[in-house]
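# Report on the structure
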Amino acid sequence: MRAFAPTLADKRLLPQGGTRLTPWLIGVLMFVAVLVGAAGLAIANAAATVARGAEQRWSIQLPGGGGQALAAAAAARQANGVAAVRPVPDEQVRGLLRRWLGDEAAGADLPVPALIDVELRPGANGEDLRRRVLAAAPDVSIQPFSEQLGPMLRGLRTLQGLTFTLLVLLAAAIAAAVMLATRGAYDTHRSTVAVLHGIGATDEQLAALFQQRMAREALVGGSAGAILALTLVLLMLAALDSGTAVAVGGSPLRPLDLVMLGVLPLATGLLALLVARVTVLTALRADP
Amino acid sequence: MPENRVREQGWVKVSGTDAIVEFDSVGLRYGTGAEILKDLDFRLVRGGFTYLTGASGAGKTSLLKLLYLAQRPTRGRIRLFGEELSHAPRTAMPAYRRRIGVVFQDFRLVRHLSAFDNVALPLRIAGRPEREIAVSVRELLDWVGLADRSAAHPPTLSGGEQQRVAIARAVVGHPELLVADEPTGNVDSDMAKRLLHLFERLNELGTTVLVATHDVSLIAATKGAQLMRLDGGELVDPTGMLRHPPSPARAAS
């Protein structure tokens, strides 16, 4: 048997009815979803960039000043996987401290630790570096940046989880809106459904009429909301590019991220199709 | 078509065992209410023409609902087309419903569809090609005298016109079983005769026809039709032919 093909005539089986609020509602939800998604992806990218840099960078801190600095730096250079060793100039360290201590940090009588930045090659784990540096200078403190940045990374990942939760909630809201709209449409066209059912339409054929409509409305509303939100995101990215916020290196969103956000209306259409189908099939189960 | 069916002088001959409908101790109640139909036992022979009569509230419409599979019995056994359907899975029902044409008492036309599209519904559901649909629907609309009203929507049609559209929709798919609930209730006597002729013609072509009606003249005008009467939900068999229908039923009349 041929499926109930959605020809023009078939489409007329369910005329437009109700308030047509569904596309608007889905449009608003999609607008928010795209913005939340963009924020989530930007946070994920920032966290990944920070984590990636932090894993490869180590910091050697010499509490007594520069006495052991040469030995520590030499040991670091001999360690496996080390790409670069860079003693941090004293002025730079004092400049960092000035933020906390004010101009007193510049005084020569304030004991300031010496710092050495070490950059590892990708894949190197830093254990050989730690062993060699501690052997050469037992009093130094050596640790990866990731340990220092741990709290910040945890904060970023919490935010990322929050945005993901928000996206799930928005998807649930869209599903609920589609379910209510489908039930409304089903009730409105119950007499038509009864006639079609009585003359041999299958549950799948009837569900197809509603799911096509709901998918179409979700796609239209979702696309409009997504286009508006993506426009806003692109404007913000342009502003960031020309401004200051390149803190995490490069644009906060990659082209692939924008593609993923652009696919959200399609996913919403699919979600609406499935929800409408399940809603109608469940309602039809009450019939003999 | 069953192989044991032969045509003779325009009437369909069937063997006595070829029942298209079999009711065995069928009862029906809605919810926890009293039984609407009680212990119905009868068979409709394939190719037969049967009238169902009874006072209002006797259970005619409920019996028809069981026949066109809009309702399941609360007890007993119903066999349609040789299959036990009382407890058949609901996914199996659409295929059987497509073999049944139904003329509802309240027409049940889809208000926002034209007369043409209403009549075309069973064929579209069955997935027939649009070209074939157009030919069949135009032929039927012509037959019921509505060729010039094919684009009209039900609210703009008179009661009689709506009834004719409903009849055209019921028969357009050449159903094996046609069930009609007061099909001539809203038409004048000329149109009633015309519709009866349509039913008879379908019956000649092999469709088993069951018509619920109060119209005595209609019953009298159909040669050889069987008659069953419902009284208080129980079946009265005035001809005594329902349980053991004659063979060949129509040819002998």
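Going by the structure above, here's the rest.
For clarity, every value in this text was computed on a predicted model and none was experimentally measured.

Definitions and limits used
- Residues numbered from 1 in each chain as written.
- Chains lettered and ligands numbered in written order.
- Predicted model: local features only at pLDDT ≥ 70, side-chain atom pairs only at ≥ 80, totals over all residues.
- Heavy atoms only, no water.
- Helix = DSSP H or I, 4+ residues; strand = E, 2+ residues; numbered from the N terminus.
- Contact = heavy atoms within 4.5 Å.
- Areas by Shrake-Rupley, 256 points an atom, 1.4 Å probe, with all protein chains shown as cover.
- Phe/Tyr/Trp six-rings, centres within 6.5 Å; stacked < 30°, edge-to-face > 60°.
- Buried < 20%, exposed > 50% of the residue type's maximum accessible area, 1.4 Å probe, protein only.
- Salt bridge = Lys/Arg side-chain N within 4 Å of Asp/Glu carboxyl O.
- Pairing = 2+ DSSP bridges.
- Axes fitted to C-alpha atoms, helices over the stretch in contact; angles between N-to-C directions.
- Polar contact = N/O pair within 3.5 Å; in protein donor to acceptor, adjacent residues only side chain to side chain.
- Parallel < 35°, antiparallel > 145°, perpendicular 65-115°, else oblique.
- Left-handed = near helix turned anticlockwise from the far one by under 90°.
- Nonpolar A, V, L, I, M, F, W, Y, C, P; charged D, E, K, R; others polar.

### Quick notes on the overall build of chain A
Along chain A, the regular secondary structure elements total 10 helices and 4 strands. Scanning chain A from its N terminus toward the C terminus, one meets helices and strands in the order α-α-β-α-β-α-β-α-β-α-α-α-α-α. Here the analysis covers contacts within chain A between residues at least 6 apart in sequence; of these, 83% occur between residues at least 24 apart. Carbon and sulfur atoms make up 65% of the accessible area of chain A, which totals about 15,300 Å².

### A short note on the packing of aromatic side chains
What characterises a pair of aromatic rings is the spacing of the ring centres plus the angle enclosed by the ring planes. Across all of its chains, the model carries 5 aromatic pairs over all chains by this definition. Note on Tyr186 of chain A and Phe210 of chain A: the rings are 5.9 Å apart at their centroids and 50° apart in plane angle, and the pair reads as tilted. In this pair, Tyr186 of chain A sits in helix α7 (residues 150-188) while Phe210 of chain A sits in helix α9 (residues 203-242), placing the two residues 24 residues apart along the sequence. Judged on exposure class, the residue Tyr186 of chain A and its partner Phe210 of chain A are both buried. Consider the rings of Phe81 of chain B and Tyr96 of chain B, whose centres lie 6.3 Å apart with planes at 10°: the pair is stacked. Taken together, the positions of Phe81 of chain B in the loop between β6 (75-80) and β7 (83-84) and Tyr96 of chain B in helix α2 (residues 93-97) put the pair 15 residues apart, joining distant regions of the chain.

### A few points about the pattern of salt bridges
All names here are of chain A. Tallied over the full model, the rule gives 22 salt bridges over all chains. Across the salt bridge formed by Arg190 and Asp287, the nearest N and O atoms sit 3.8 Å from each other. Placement of Arg190 in helix α8 (residues 190-198) and of Asp287 in the segment after α10 (255-284) is noted, with a sequence separation of 97 residues between them. Note on Arg190: relative accessible area 39%, which makes it partly exposed. Across the salt bridge formed by Asp257 and Arg254, the nearest N and O atoms sit 2.8 Å from each other. A residue is classified by how much of its surface remains accessible, and Asp257, at 0% relative accessible area, is buried.

### Let's talk about the sheet that holds strand β1 (residues 57-62) of chain A
Residues and elements named next belong to chain A. Spatially, β2-β3-β1-β4 is the arrangement adopted by the 4 strands of the open sheet, whose pairing is antiparallel. Two strands close off the open sheet at either side, each with one partner strand: β2 (82-88) and β4 (141-144). On average, each strand axis in the sheet is tilted by 20° relative to the strand beside it, whichever way the strands run. Examined bridge by bridge, β1 and β4 share 4 bridges and lie antiparallel to one another. Residue Gln61 lies in a different strand from β4, and its bridge partner there is Ser141.

### Details of the side chain of Thr182 of chain A
All names here are of chain A. Relative to the helices and strands, Thr182 resides in helix α7. A polar side-chain atom of Thr182 sits 2.6 Å from the main-chain carbonyl oxygen of Val178. If near-sequence neighbours (up to four positions away) are discounted, Thr182 is found in contact with Phe210, Met214, Ala276, Thr279 and Val280.

### Thoughts on the pairing of strand β3 (residues 19-29) of chain B
Two faces, one strand: in a regular strand the side chains alternate between the faces of the sheet. All names here are of chain B. Pairing of β3 with strand β4 (residues 35-45), which is carried by 7 bridges, proceeds in the antiparallel orientation. Across the sheet, the residue bridging to Ala19 is Val45, located in β4. Between β3 and β4, which follow one another and run antiparallel, lie 5 residues, and Gly31 among them has a positive phi close to 60°.

### A look at the packing of helix α3 (residues 115-125) of chain B against helix α5 (residues 159-171) of chain B
All names here are of chain B. The geometry of α3 relative to α5 is characterised by a closest axis approach of 7 Å and an angle of 30° between their N-to-C directions. For the element pair α3 / α5, the angle class is roughly parallel. The handedness of the crossing between α3 and α5 is right-handed. Seen from α3, the contacting residues are Ala115, Asn118, Val119 and Pro122; seen from α5, they are Val165, Ala168 and Arg169.

### What to know about the interface of chain A and chain B
On the chain B side, the residues contacting the 24 residues of chain A number 21 residues. Counting across the interface, chain A meets chain B through 6 residue pairs in polar contact (both at pLDDT 80 or more). Listing elements by their share of the side of chain A that touches chain B, those giving two or more residues are α1 (8-11), α8 and α9 of chain A. It is α8 of chain A that contributes the most residues to the side of chain A that touches chain B, 5 residues altogether. When the residues that make up the side of chain A that touches chain B are grouped by side-chain class, the tally is 12 nonpolar, 6 polar and 6 charged.

### Some words on the packing of helix α2 (residues 22-56) of chain A against α7 of chain A
Residues and elements named next belong to chain A. The contact between α2 and α7 brings their axes to 9 Å, and the two run at 160°. For the element pair α2 / α7, the angle class is roughly antiparallel. Every pair of crossing elements has a handedness; the one defined by α2 and α7 is left-handed.

### Some thoughts on the sheet that holds strand β8 (residues 100-103) of chain B
Residue and element names in this part refer to chain B. One open sheet holds the 6 strands; their spatial order is β8-β9-β10-β5-β11-β12, and the pairing between them is mixed. Each end of this open sheet is capped by a strand with a single partner; those strands are β8 and β12 (234-236). Within the sheet, the average angular offset between the axes of one strand and its neighbour, ignoring direction, is 20°. With 4 bridges connecting them, β8 and strand β9 (residues 177-181) associate as parallel partners. Pairing of Ile100 across the sheet is with Leu177, part of β9. Along the sheet, α5 contacts β8 and β9; its crossing angle with β8, the most-contacted strand, is approximately 175°.

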